[in-house]
Amino acid sequence: MTRNTIKVYARLKPQTNQQHSLKYRILRRSNDRKTDSLVLLAPFKPDEFIDHRPESWIFSFHRIIEEEANQQDVFENIGRPVIDSVLNGYNGTVFAYGQTGSGKTYTITGQISSNKCQGIVPRSLSYLFDFIKMHPENIYSVDVAYLEIYNEYGYDLLDRKQQQQQQQQQQVQVQQAMRLEDLPRVRIQEDEKGKLHLKNLTFHNVKSEDRAMELFLIGDSRRVTVDTPTNPQSSRSHCIFTIVVSIKQFGANRYKKAKMHLVDLAGSERVYKCEISGTVLTEAKHINLSLHYLEQVIVCLNQENSSHIPYRNCLLTAILRDSLGGNCITTMLATLSISSVNLQETISTCRFAQRVALVRNEAKLILDHDLDSENKLLQLENEKLRKQIEELKNTLSLQDNKDRHDEKLDYYKNLVMQRDQEISVLLGLLKKAKAKLAQPEDLNKMVIKSKLKIRSKESIAERLSKTTTKVLEPIEKHDVENNTLFEIKHSNLLEKSLEEKSIIEENIEKKDIPFNDSSKETNSLKQSFNLGTSNIEKDLEVKKIDENVDDNDMSCVHSNETSVNQLCNLIINNDNLVNNSITNDDQLIERQHIEEKVKSNNIDNDLEKNLPLTGDPEIDEEIIAFYKAKRSGGIY
Ligand SMILES: Nc1ncnc2c1ncn2[C@@H]1O[C@H](COP(=O)(O)OP(=O)(O)OP(=O)(O)O)[C@@H](O)[C@H]1O
């Protein structure tokens, strides 16, 4: 609980006409002085002195806001401390009091369309919602209501039915043309505990500054204003904009609830001065009466022995009961005109302010148990919890995704490692294959070997051919020479041939090694050669025995010719063989050998086809093994 007097501020309305300006001085608070003081100096004309008092008056205020002060300065000094106390759970009230046209509405409402000129209400809403945003640890529920007291009747400026109708028509003119009588009347009801309640006043729950401002504007547009001689837009009513803030700490069982009244009182005016009549006069009388009741309450509150405070005299005092002498932190703003023509009204306002400044309030922290409010707060708390759960879910799913991502990453890392191993094996194989291929001597050797084979086969064939020619020559000559000569020559030739034969045989023996492996043809050549020569030998031997066998000579020659022909054929065959041996490259044979081996190992045909075999059996075997292992899912 905090005990404090109502803080009273004075705001001086800027004077446009300096000629008619009151002379005044402001004495700022100092070590000697606890408050600001306003010293008003009377004009020189003694007939303008009020009650023939001395020519100067001094009034104390918590703070005096000068003409030059802007709207933000006013909010910082007056509005902000009150809304801060509301946010701490204490009721707060700001009310503006002053003569008509002195700047009450300008201070409380201001010009909403201009940021610079906005009054305490819009600035308080903005401050409140900014504060809520900055404190997500708490649950806040905000409700607003707007009440107008006109000619002693209360009206709900934010009536829902009217709002719905206006929304349907969507015409601003209709809003403005709306009659006050169409709005529901707000009445005061007292419960069994003596607590006063306002019946028919709607409290709107607002979740944003924009919505709250929207409602404030709607209510403001419904206010009754009149063009009076002193103010072209004079408020003919008292208006109270109420902000209720319920605060619950997250997870707490209890909650705080506090309300802030922002009161723009109708202007006090001296009827005789305003030259008004009719409705405006009636309004003025009601205004003055209610302000009189307000003053009465204040006076009673300041009288120590006063047992009864006349709150119920009027609607205004009934509503402000908590704000005056009750559970509230209250600030009064006295709006003062410093025009010399308004001296009396200014002094009157200052006097009222001095009395209010003496009123003591006892502000208590309000821990409410109202089911409606509690329900609202719990709903908000649930909403917030749901949001938090969603956020947590998102965070968890992100974490989950991250885990999955990490798993995938590990999998791919392993895969990359496996691939690296495979690549290194393949590189090894490739290296081996290259090393093999990089030994051209082997190939050269093989080529040379093959050439040697060819040459040796060629030379034998050549020799055989020559021998055959030599054998044939005498036979051919036999046709032209006589038999004796033929015989002599033949015997010589035979000897030579035999010699040649033995030489050839020797040579064949020497050159036999390259023919050993595969040359069946060579053996048959040898045999045929033997056969050919033996036939000649036989024939000649027969000649020797039977010296005069002419006809037989010819058959012998024919037989020799056949043998030679056979020899020639064999030579041609041998030549073909030699040619074939050129194409029979050893590497090709080896490759075929590997391929056969691969086939025999039952390797899948498709795989075989696509394998990058090198031709080297050793390497190819490794390659096949590598791909076989890979295909079966293992590691080579
Ligand atoms: N501090 C100020 N700075 C600039 N203009 C001001 C200031 N105070 C009041 N005014 C202007 O003076 C005129 C009257 O002000 P306002 O309507 O606020 O007076 P009021 O006290 O509310 O009068 P009423 O009681 O008749 O409603 C308005 O045009 C307003 O803009």
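These numbers were taken from a predicted model, which means no experiment stands behind them.

(A) Seen up close, the overall build of the protein. Summing up its helical and strand segments, the protein has 19 helices and 19 strands in all. Scored against the burial criterion, the 636 residues of the protein give a buried share of 41%. With the model as given, the accessible surface of the protein reaches about 36500 Å², and the carbon-plus-sulfur share is 49%.

(B) Representation of the site of the ligand in the model. Within the structure, the ligand sits among 15 residues, and Thr-100, Gly-101, Thr-105, Ser-234 and Ser-235 are positioned closest to it. Contact between the ligand and Ser-234: an oxygen atom at 2.6 Å from a side-chain N or O atom of the residue. Burial of the ligand by the surrounding chains reaches 78%, relative to a free accessible area of 620 Å². Considering every element that reaches the shell around the ligand, the biggest residue donor is helix 2 (residues 104-108), with three residues. Residues of the shell around the ligand, tallied by class, amount to two nonpolar, 10 polar and three charged.

(C) Inspection of the UniProt feature "binding site: ATP" (unreviewed entry) in the protein at higher detail. Within the UniProt annotation, "binding site: ATP" (unreviewed entry) is assigned to Gly-98, Gln-99, Thr-100, Gly-101, Ser-102, Gly-103, Lys-104 and Thr-105. Relative to the elements of secondary structure, Ser-102 occurs in the loop between strand 7 (92-98) and helix 2. With near-sequence residues (within four places) excluded, Ser-102 lies in contact with Lys-13, Thr-335, Leu-336 and Ser-337. Polar contacts involving the side chain of Ser-102 include one to the main-chain carbonyl oxygen of Gln-99, which spans 2.7 Å. The residues contacting Lys-104, other than those within four sequence positions of it, are Ala-96, Tyr-97, Gly-98, Gln-99, Asp-264, Leu-265, Ala-266, Gly-267 and Thr-335. Polar contacts involving the side chain of Lys-104 include one to the main-chain carbonyl oxygen of Gln-99, which spans 2.9 Å.

(D) Here's a closer look at a nonpolar patch on the surface. A grouping of Ile-423, Leu-427 and Leu-430 is seen on the molecular surface, where their side chains present a nonpolar patch of about 280 Å² in accessible area. Within the fold, Ile-423 resides in helix 11 (residues 371-437).

(E) Summary view of the environment of Val-8. Tracing the backbone through its elements, the reader meets Val-8 in strand 2 (residues 7-13). The class of Val-8 is buried, set by a relative accessible area of 3%. What Val-8 contacts, discounting residues up to four positions off in sequence, is Phe-61, His-62, Arg-63, Met-332, Ala-353, Val-356 and Ala-357.

(F) The pairing of strand 11 (residues 196-199), seen in detail. Where strand 10 (residues 185-190) meets strand 11, four bridges bridge the pair, whose relative direction is antiparallel. Within strand 11, the residue paired with Arg-187 across the bridge is Lys-199. What sits between the antiparallel neighbours strand 10 and strand 11 is a turn of five residues, in which Gly-194 has the positive phi angle 85°.

(G) Molecular detail of the packing of helix 1 (residues 71-87) against helix 3 (residues 120-134). Running from amino to carboxyl end, helix 1 crosses helix 3 at an angle of 50°, the nearest separation of the two axes being 9 Å. The angle between helix 1 and helix 3 falls in the class oblique. Two packed elements cross with a definite hand, and for helix 1 against helix 3 that hand is right-handed. For the pair formed by helix 1 and helix 3, the contact residues are Gln-71, Gln-72, Val-74, Phe-75, Ile-78, Gly-79, Arg-80, Ile-83, Asp-84 and Leu-87 on the first element and Ile-120, Arg-123, Ser-124, Tyr-127, Leu-128 and Phe-131 on the second. When its residues are assigned to classes, the contact of helix 1 with helix 3 shows nine nonpolar, four polar and three charged.

(H) Region of interest: the nonpolar core. Leu-128, Phe-241, Ile-243 and Leu-262 are the most contacted members of the largest nonpolar core, which has 47 residues in total. For this core, the elements supplying multiple residues, two or more each, are helix 1, strand 7, helix 3, strand 8 (138-150), helix 6 (209-221), strand 15 (238-249) and strand 16 (255-264). It is helix 3 that contributes the most residues to this core, eight residues altogether. Those residues within four positions of Phe-241 in sequence are excluded, and the remaining contacts are Val-121, Leu-125, Val-144, Ala-145, Tyr-146, Phe-216, Met-260, His-261 and Leu-262. The next biggest cluster of nonpolar side chains, apart from the first, holds 44 residues, and it includes Leu-22, Leu-147, Leu-265 and Ala-334.

(I) Focus on the environment of Gly-92. Take Gly-92: it is sitting in strand 7. For Gly-92, a relative accessible area of 0% gives the class buried. Sequence separation between Gly-92 and Ser-323 is 231 residues; the distance between their C-alpha atoms is 7.0 Å. Among residues more than four places away in sequence, those in contact with Gly-92 are Val-82, Val-86, Lys-259, Met-260, His-261, Cys-328 and Ile-329.

(J) Broad picture of the sheet that holds strand 4 (residues 36-41). Read across the open sheet, the three strands follow the order 3-4-5; overall the sheet is antiparallel. With one partner strand each, in any of the chains shown, strand 3 (23-27) and strand 5 (56-61) form the two edges of the open sheet. Shown here is a sheet whose adjacent strand axes are inclined to one another by a mean of 20°, direction ignored. Where strand 4 lies against strand 5, six bridges are found, and the strand directions are antiparallel.

(K) Geometry of the side chain of Ser-37. Considering the arrangement of structural elements, one finds Ser-37 in strand 4. Looking at Ser-37, the relative accessible area reads 4%, which means it is buried. Those residues in contact with Ser-37 that sit more than four places away from it in its chain are Arg-25, Ile-26, Leu-27, Ile-58, Phe-59, Ser-60 and Ile-64.

(L) Geometry of the pattern of salt bridges. Using the criterion set out here, one finds 11 salt bridges in the structure. A salt bridge links Arg-223 to Asp-264, with the nearest nitrogen and oxygen atoms 2.9 Å apart. Of the two residues, Arg-223 sits in the loop between helix 6 and strand 13 (225-226) while Asp-264 sits in strand 16, which places them 41 residues apart along the sequence. Neither Arg-223 nor Asp-264 differs from the other in exposure class; each is buried. In this structure, Arg-236 engages Glu-283 in a salt bridge whose closest nitrogen and oxygen atoms are separated by 2.9 Å. Of this pair, Arg-236 sits in the loop between strand 14 (234-235) and strand 15 while Glu-283 sits in helix 8 (residues 278-302); the two residues are 47 residues apart in sequence, bridging distant segments of the chain. Glu-283 shares its class with Arg-236; the two are buried. One network of salt bridges, in which partners are shared, links Arg-28, Asp-36 and Glu-66.

(M) Representation of the side chain of Asp-143 in the model. Following the sequence through the fold, Asp-143 ends up in strand 8. Judged by relative accessible area, Asp-143 falls into the buried class, the value being 6%. One polar contact links Asp-143 to Asn-205, side chain to side chain, over a distance of 3.4 Å.

(N) How the structure looks around the packing of helix 8 against helix 10 (residues 343-356). The geometry of helix 8 relative to helix 10 is characterised by a closest axis approach of 9 Å and an angle of 40° between their N-to-C directions. Comparing their axes, helix 10 and helix 8 come out oblique. For the crossing formed where helix 8 meets helix 10, the hand is left-handed. Packed against helix 8, whose contacting residues are Leu-294, Glu-295, Ile-298, Val-299 and Asn-302, the element helix 10 presents Phe-352, Arg-355 and Val-356 at the interface. Of the residues that constitute the contact of helix 8 with helix 10, the class distribution is five nonpolar, one polar and two charged.

Conventions we followed
- Residues numbered from 1 in each chain as written.
- Predicted model: local features only at pLDDT ≥ 70, side-chain atom pairs only at ≥ 80, totals over all residues.
- Heavy atoms only, no water.
- Helix = DSSP H or I, 4+ residues; strand = E, 2+ residues; numbered from the N terminus.
- Buried < 20%, exposed > 50% of the residue type's maximum accessible area, 1.4 Å probe, protein only.
- Areas by Shrake-Rupley, 256 points an atom, 1.4 Å probe, with all protein chains shown as cover.
- Near = heavy atom within 4 Å.
- Polar contact = N/O pair within 3.5 Å; in protein donor to acceptor, adjacent residues only side chain to side chain.
- Nonpolar A, V, L, I, M, F, W, Y, C, P; charged D, E, K, R; others polar.
- UniProt positions renumbered as here; feature names shortened; annotations may be inferred.
- Contact = heavy atoms within 4.5 Å.
- Patch = residues over 30% accessible without salt bridge, like charges linked within 9 Å, V, L, I, M, F, W, Y side chains within 5 Å.
- Salt bridge = Lys/Arg side-chain N within 4 Å of Asp/Glu carboxyl O.
- Pairing = 2+ DSSP bridges.
- Axes fitted to C-alpha atoms, helices over the stretch in contact; angles between N-to-C directions.
- Parallel < 35°, antiparallel > 145°, perpendicular 65-115°, else oblique.
- Left-handed = near helix turned anticlockwise from the far one by under 90°.
- Core = buried A, V, L, I, M, F, W, Y, C linked by side-chain atoms within 4.5 Å.

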